[in-house]
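Report on the structure
Here is what each chain is made of, one letter per residue.
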Amino acid sequence: MQFTDYQSTHHMLKDTVERYSNQTAYKWSTEPGRTESVTWSEFYEQVKAVGKSLIALGVKKDDKVNILSYSCYRWVLSDLGITSIGAVTVGIYQSNLPKDCKYIINHSDSVLVFAEDQQQLEKLLEIRKGIPNVHKVVLFKGNYTDEKSVLSFEDFLKLGKKVSDEEYFERVAEVGPQDPAGIVYTSGTTGVPKGAVLTHDNITFTAQSVRGCTEIQEGDEVFLFLPLAHVFARTCTYSSLLVGAATTFARSIDTLVDDIKAAQPHWFASVPRIYEKVYSKVLGGAEAKGGMALKIFNWSCDVGNQVSDYKLNKQPIPMGLNLKYKLATKLVFSKVQDALGGRVRWCISGAAPLNAKIAKFFHAAGVLILEGIGMTENTSFTNVNRFDNYRFGWVGQPGPGVEQRIAEDGEVLFRGRNVMKEYYKMPEETAKDIDQDGWLHTGDLGEIDAEGFLKITGRKKELIITAGGKNIAPSAIEGTIATSKYINQVFVIGDQRKYLSALVSLDADNCLEYAKANGIAYTSIDDLIGNDNIQKLIENEVAEKNKEFASFETIKKVTIVPEFTIENGMMTPTFKLKKNIALERYQAEISAMYPTD
């Protein structure tokens with residue numbers, strides 16, 4: 001594949017604008033039924049306006065600028081405006097607590113913050129004495145007149161009118177491919193977050209590598225709901241920008257179901273949790289109907305699985321089976337497809353392992369999920385399954401320009417122009433993760449087959465070694481158990497123990513429905529956590545899933561706990577469990593599952 005050596009993200013944008021000037025670039029809704037949009041030429045002019053206003057505020061080359069907001073049009077607009085003048089974008093999750101915002105703002109040496117709304121502004125006002133380098137806050141939504149340091153987005157844009165085009169383009173010309181474009185902070189599951197410094201070349205190279213192995217077509221419409229503070233969403237956005245695909249933004253996670261239906265995307269990216277929830281809801285709904293409806297559902301799934309097998313083996317589908325599949329699609333699968341807008345050709349799953357059973361279900365239903373892998377440190381992309389060459393349970397072949405290999409201890413290593421420059425202000429941590437030959441040590445364990453397909457088998461740090469000496473990767477077990485419609489989250493425990501146990505949280509919708517159907521009294525999901533009938537239900541579900549494991553991998557005891565959330569400090573903003581905190585918080589419950597230890 002031939003790569004274009006773009007000077008910066010601005011030059012990649014300019015290339016797209018010249019090719020697709022009058023085509024739609026971005027769409028968003030402020031309320032149901034009302035959609036706003038901009039063309040690529042209009043977007044470019046607005047990017048320039050943001051860059052000029054930042055210059056007017058004294059933002060210099062290499063200065064850091066935070067964006068504290070949920071994903072939206074102005075997030076992308078501000079990001080391109082920041083990077084166009086050589087400043088550096090540092091995203092902060094809108095779900096972060098004030099103390100977490102303070103850490104990232106100060107550690108990144110930020111001088112200005114874009115904040116989504118009043119709610120995010122309140123966090124900054126709470127910590128303002130602790131962030132002395134921040135002199136201005138710009139609000140995406142609304143106005144705040146009590147502080148001169150706070151500007152509305154409209155007033156912010158007015159500042160740039162005194163800056164000439166000549167001055168703006170002088171700043172643009174100063175930016176080079178090895179200059180930092182963003183600092184993306186890791187989730188910090190095992191310690192303080194680390195800021196991965198991504199260069200302009202990291203971003204423009206990765207966008208091209210993604211394009212080189214995905215079925216992104218001109219005229220495609222993309223749906224974005226993932227947080228742009230996470231590099232996964234940023235990479236998807238830049239890849240869409242490269243090909244001129246129009247991106248529609250979700251209004252919020254709460255409106256996701258309605259928004260994706262209205263957007264009718266050709267493709268979108270998601271984390272496995274969304275697919276798991278859809279799968280659980282579809283399965284639960286079919287079982288709740290029972291009778292003939294359940295028989296039709298099961299028959300359709302059987303037909304779909306047969307079709308899926310033929311496709312996986314790259315064999316023609318028999319005529320009789322194809323007729324059955326058309327009927328199954330009309331009766332059942334069309335509802336799944338319509339829920340995703342009705343035009344989806346494929347989806348991407350990343351950021352965590354996707355259970356192969358769930359991928360197979362969607363494939364049977366006519367929705368192809370292509371699993372891939374990446375991490376903050378390699379611009380969130382190394383491998384992905386191809387539209388015409390995929391396997392469930394594997395994360396695909398590497399993208400063009402990306403090298404992969406397995407180290408002697410089984411660790412997965414990558415090398416390429418997608419690998420970050422460094423961890424910001426952490427040279428020792430950088431040296432630990434990137435060796436002298438440029439190989440990034442991922443911490444993942446895996447295997448590579450003769451065709452270059454990569455399979456992740458576990459994490460080095462999360463590997464469980466039982467008292468009997470068995471090495472167990474918990475992620476696959478957790479993913480399988482979580483396919484139960486009654487189970488929401490799973491945390492497998494067993495390091496240096498005689499057997500495996502698990503902490504699980506309940507799937508609220510399905511468990512409440514079960515309680516109602518079986519006469520179990522409750523006022524909320526919390527009432528079911530200590531219920532004997534629910535405990536028995538979960539134990540039976542786990543016992544059924546245990547049939548898929550070797551005896552030493554089976555879960556012997558289960559404790560139901562409240563849902564792990566960002567608010568209770570158990571989850572990162574990317575929905576990864578903080579396992580060290582869970583071990584500490586549920587020490588007594590875990591000990592009770594090992595009475596003879």
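The preceding data block contains the structure.
Computed from a predicted model, the values in this text were never measured in an experiment.

The rules we used
Residues numbered from 1 in each chain as written. Predicted model: local features only at pLDDT ≥ 70, side-chain atom pairs only at ≥ 80, totals over all residues. Heavy atoms only, no water. Buried < 20%, exposed > 50% of the residue type's maximum accessible area, 1.4 Å probe, protein only. Helix = DSSP H or I, 4+ residues; strand = E, 2+ residues; numbered from the N terminus. Salt bridge = Lys/Arg side-chain N within 4 Å of Asp/Glu carboxyl O. Axes fitted to C-alpha atoms, helices over the stretch in contact; angles between N-to-C directions. Parallel < 35°, antiparallel > 145°, perpendicular 65-115°, else oblique. Left-handed = near helix turned anticlockwise from the far one by under 90°. Contact = heavy atoms within 4.5 Å. Patch = residues over 30% accessible without salt bridge, like charges linked within 9 Å, V, L, I, M, F, W, Y side chains within 5 Å. Areas by Shrake-Rupley, 256 points an atom, 1.4 Å probe, with all protein chains shown as cover. Lys, Arg positive; Asp, Glu negative; His and termini not counted. Charge placed at Lys NZ, Arg CZ, Asp CG, Glu CD.

With phi around 60°, Thr379 is a residue other than glycine that occupies positive phi space. Thr379 gets classed as buried once you look at its relative accessible area, which sits at 2%. Backbone geometry places Gln496, a non-glycine residue, at a positive phi of 60°. Looking at where Gln496 falls in the secondary structure, it is placed in the loop between strand E24 (487-493) and strand E25 (500-506).

Before going further, it helps to spend a moment on the pattern of salt bridges. Evaluated as defined, the whole model comprises 34 salt bridges. Residue Lys27 is joined to Glu221 by a salt bridge in which the shortest nitrogen-to-oxygen separation is 2.9 Å. Here the residue Lys27 occupies a position in strand E1 (residues 24-31), and Glu221 occupies one in strand E10 (residues 221-224), the gap between them amounting to 194 residues. In this structure, the salt-bridge partner of Asp109 is Lys425, at a minimum N-O distance of 3.3 Å. Residue Asp109 is located in the loop between helix H4 (98-107) and strand E5 (110-115), and its partner Lys425 is located in the loop between strand E19 (422-423) and helix H15 (427-433); the two are separated by 316 residues in the primary sequence. Under the relative-accessibility criterion, Asp109 is labelled partly exposed at 30%. Here the residues in one salt-bridge network are Glu45, Lys48, Lys52 and Asp165, joined through shared partners.

Moving on: the packing of helix H1 (residues 9-20) against helix H2 (residues 40-56). Closest axis-to-axis distance for the H1/H2 pair is 9 Å, and the angle between their directions is 150°. Put simply, H1 runs roughly antiparallel to H2. The hand of the H1/H2 crossing is left-handed. Residue-level contacts link His10, Leu13, Lys14, Thr16, Val17 and Tyr20 of H1 to Trp40, Ser41, Phe43, Tyr44 and Val47 of H2.

Before going further, it helps to examine a negative patch on the surface. The grouping of Glu166, Glu167, Glu170 and Glu174 at the surface amounts to a negative patch. Here Glu170 shows up in helix H7 (residues 165-173). Its relative accessible area of 45% is what places Glu170 among the partly exposed residues.

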